[in-house]
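Here are the chains, one letter per residue:
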Amino acid sequence: MFGIETHWIVFSALVLFFLFLDLGVFHKKNKIIGIKESVGWSLIWITVALIFACWIYFFQSEDKGILFLTGYLIEKSLSVDNLFLFVVIFKHFKIPREYQHKILFWGIVGAIVTRGIIIYAGVNLIHKYDWLTYFFGLFIVYLGYKTAFTKEDEFNLSVVRTI
């Protein structure tokens, strides 16, 4: 029906449209967002992703639909660490709750772009130098150790600064 390039263009346009809707229309004014509204918006965006997964599954192929859904679930799981980091940063800088959505929005966009760059560079480096897998693994273990054994009263952004 359409070429693969057309699908990526449509997908990218939809993502940009939804980002504009989120920040430019639905959350134009700074306000405190409660649990009920947060859960509602989360359900809306998860539903949009599941509809897209179904579209890929039925109009592209079953394999591509399952791959998208798998990638989406992995990304959802990885976003939990980002939320932890945002909570630490918000508390450290004493960000008022009414500004947190806008900051979180741009933080997530930045995280997505940064993660894409790091994954691209990391995959290329690991393909060229396979020993880097062990280095990255040790680095993650080191950060986990620092996080687990830093006393709560000493925990400001010192763990983040070690990166």
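As shown above, the structure is provided for reference.
Note that the structure is a prediction, hence the values are computed from the model and not measured. (Residues numbered from 1 in each chain as written. Predicted model: local features only at pLDDT ≥ 70, side-chain atom pairs only at ≥ 80, totals over all residues. Heavy atoms only, no water.)

Caption draft 1: Region of interest: the packing of helix α2 (residues 35–59) against helix α3 (residues 62–93). Two elements in contact, α2 and α3, have axes whose closest approach is 7 Å; the angle formed by their N-to-C orientations is 155°. Considering the angle they form, α2 stands roughly antiparallel to α3. Every pair of crossing elements has a handedness; the one defined by α2 and α3 is right-handed. Residue-level contacts link W45, I46, A49, L50, F52, A53, I56 and Y57 of α2 to E62, K64, G65, I66, F68, L69, Y72 and K76 of α3. Residue composition of the contact of α2 with α3, by class: twelve nonpolar, one polar and three charged. (Axes fitted to C-alpha atoms, helices over the stretch in contact; angles between N-to-C directions. Helix = DSSP H or I, 4+ residues; strand = E, 2+ residues; numbered from the N terminus. Parallel < 35°, antiparallel > 145°, perpendicular 65-115°, else oblique. Left-handed = near helix turned anticlockwise from the far one by under 90°. Contact = heavy atoms within 4.5 Å. Nonpolar A, V, L, I, M, F, W, Y, C, P; charged D, E, K, R; others polar.)

Caption draft 2: Representation of the environment of K64 in the model. Inspection of the secondary structure puts K64 in helix α3. As a C-alpha pair, K64 and A53 span eleven residues in sequence and 8.6 Å in three-dimensional space.

Caption draft 3: Fine view of helix α4 (residues 97–128). In this model α4 runs 45 Å from its N-terminal to its C-terminal C-alpha over 32 residues, within 8% of the 46 Å that 1.5 Å per residue would give. For α4, every residue scored as buried is listed here: Q100, H101, F105, A111, R115 and G122. (Expected span 1.5 Å × (residues − 1). Buried < 20%, exposed > 50% of the residue type's maximum accessible area, 1.4 Å probe, protein only.)

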